[in-house]
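Topology and contacts: notes
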Amino acid sequence: MNHRKRTVSTIVFSIFVCLIGLTGSFAGSLRYGLRDEAIETLATEWELSQMQITKIADRMSMAQFFVVMVQTPGIEEQGAVNLLDADYTRNFIAAKIRDYREDLLKKTGKGRVDFADIAALEETCREEICRDLGYNVTAEDMERYEILWDNLGLDERFILDHYRENKPGIFGLARALLSDWFLALALLLAAGGCVGLWFLNGRSFSGHRIYGTALLTLGVLDCAAAAACELLADAVNRAVNMRSNVMDLFFAPVGDMLLLLGMFSAVLGAGLIVLSVWEKMRLKKRGRRKK
């Protein structure tokens, strides 16, 4: 293969790897933000009682349900705060997020919240709930809450399969991009590309400048995306008029992983550029000596 064809092939391949790498770094960072430890941190540190639920109740059916529930005569505002900040509430949320994650990635069918789950939580933690609320929840209260749940159609809203059926393409793509095999493919492609170009250029790093530039660009884009995560969290909070740290907690590990991957790609890309320049200089010196 002549020099021109090698250069064109290198450019095309480098652009392809850059795009795959960018997609893979975003997907990998999201997977990192969905690991069990990150979910536990989110559920533990989420300022649930600071969410101004009454402000967003007109947009979120779950907030409507909670507002009506805590307006039960006998339940004070502090009781509602205690309920939201309780460990059993946070453990319940963490368990449900893990179920949704597994359903998204493996289609387990567990990505749902039924009123039966709420009833089971109330039955299991009845003493703690009554103590925190300062109110004894009765069977009549639970019946009324279930009617409200059904009227708001929350069963349908909280079933991942419902949305998957309506938008199968989006969910199928998300499942593929977040899968282990895609992340492994992106990593192998980046590493394999470096080795492949080494053989393509006669077992030399002389043709790695373009590839190194692509990796350096990828690293810069990843670092820029990491810096934008905080802005994105603020934008989401403003869009839904929500005062809460939940978006910050979600995007923090995502941003950390993007930054780490970005720095690695940038250093690797810069290293390959230096190797390419050094190799060309070495080959030129060798050519002069032969003359």
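Rules behind the numbers
Residues numbered from 1 in each chain as written. Predicted model: local features only at pLDDT ≥ 70, side-chain atom pairs only at ≥ 80, totals over all residues. Heavy atoms only, no water. Helix = DSSP H or I, 4+ residues; strand = E, 2+ residues; numbered from the N terminus. Buried < 20%, exposed > 50% of the residue type's maximum accessible area, 1.4 Å probe, protein only. Contact = heavy atoms within 4.5 Å. Core = buried A, V, L, I, M, F, W, Y, C linked by side-chain atoms within 4.5 Å. Salt bridge = Lys/Arg side-chain N within 4 Å of Asp/Glu carboxyl O. pLDDT = per-residue confidence, 0-100. Disulfide = S-S within 2.5 Å. Patch = residues over 30% accessible without salt bridge, like charges linked within 9 Å, V, L, I, M, F, W, Y side chains within 5 Å. Areas by Shrake-Rupley, 256 points an atom, 1.4 Å probe, with all protein chains shown as cover. Expected span 1.5 Å × (residues − 1).

**Things to note about the environment of C18**
Looking at where C18 falls in the secondary structure, it is placed in helix α1 (residues 3-33). Judged by its relative accessible area of 14%, C18 is buried. On a C-alpha basis, the gap between C18 and D150 in space is 48 Å, while along the polypeptide they are 132 residues apart. Ignoring anything within four residues of it in the chain, the contact list for C18 reads A214 and L218.

**Some details on the nonpolar core**
A general feature of soluble globular proteins is that nonpolar side chains tend to end up buried together. Ranked by size, the top nonpolar core spans 45 residues in total, and within it W46, F65, F66 and Y145 carry the most contacts. Elements with a contribution of two residues or more to this core: α4 (61-70), α5 (77-85), α6 (87-106), α7 (115-124), α8 (126-133), α9 (139-151), α14 (209-239) and α15 (246-290). When sequence neighbours within four positions are dropped, the list of residues in contact with F65 reads F115, Y145, L148, W149, L152 and L154. The next biggest cluster of nonpolar side chains, apart from the first, holds 12 residues, and it includes L189, L215, L218 and L272.

**Comments concerning the pattern of salt bridges**
The tally for this structure, following the rule as stated, stands at 14 salt bridges. As a salt-bridge pair, E37 and R35 come within 3.8 Å of each other at their nearest N and O atoms. Overall, R35 belongs to the partly exposed group, its relative accessible area being 27%. In this structure, R101 and D36 form a salt bridge, with 2.7 Å as the shortest nitrogen-oxygen distance. Residue R101 is located in helix α6, and its partner D36 is located in helix α2 (residues 36-45); the two are separated by 65 residues in the primary sequence. Judged by relative accessible area, which is 13%, R101 ranks as buried. Judged by relative accessible area, which is 37%, D36 ranks as partly exposed. The structure contains a network of salt bridges with shared partners spanning D36, R101, E102 and K106.

**Comments concerning the confidence of the model for the protein**
Overall, the prediction assigns the protein a mean pLDDT of 85, with 91% of residues at 70 or greater. Per-element averaging of pLDDT across the protein places helix α3 (residues 53-56) at the bottom with 66 and α7 at the top with 94.

**So, the state of the cysteines**
Applying the stated criterion across every chain, the model contains zero disulfides. With no disulfide of its own, C125 lies 11 Å from the sulfur of C130, the closest cysteine sulfur. In this model C229 remains outside any disulfide bridge; the closest cysteine sulfur is found in C223, 11 Å from its own. The exposure class assigned to C229 is buried, which follows from its relative accessible area of 7%.

**Describing a nonpolar patch on the surface**
Together, I11, I15, L19 and I210 make up an exposed nonpolar region whose accessible area comes to about 330 Å². By residue number, the principal contributor to the nonpolar patch is α1, which donates three residues. Within the secondary structure, I210 is located in helix α14. Judged by its relative accessible area of 31%, I210 is partly exposed.

**Let's talk about α6**
Helix length check: α6, at 20 residues, gives a terminal C-alpha distance of 28 Å against a target of 28 Å (1.5 Å per residue), a fit within 8%. Of all the residues in α6, the buried ones are Y88, T89, R90, F92, I93, A94, K96, R101, D103, L104 and L105. Looking one or two places after α6, you find K107, whose phi comes out positive at around 55 degrees.

**A few points about the environment of I11**
Tracing the backbone through its elements, the reader meets I11 in helix α1. On the accessibility criterion, I11 (37% relative accessible area) is partly exposed. For the pair formed by I11 and A214, sequence separation is 203 residues and the distance between their alpha carbons is 8.8 Å.

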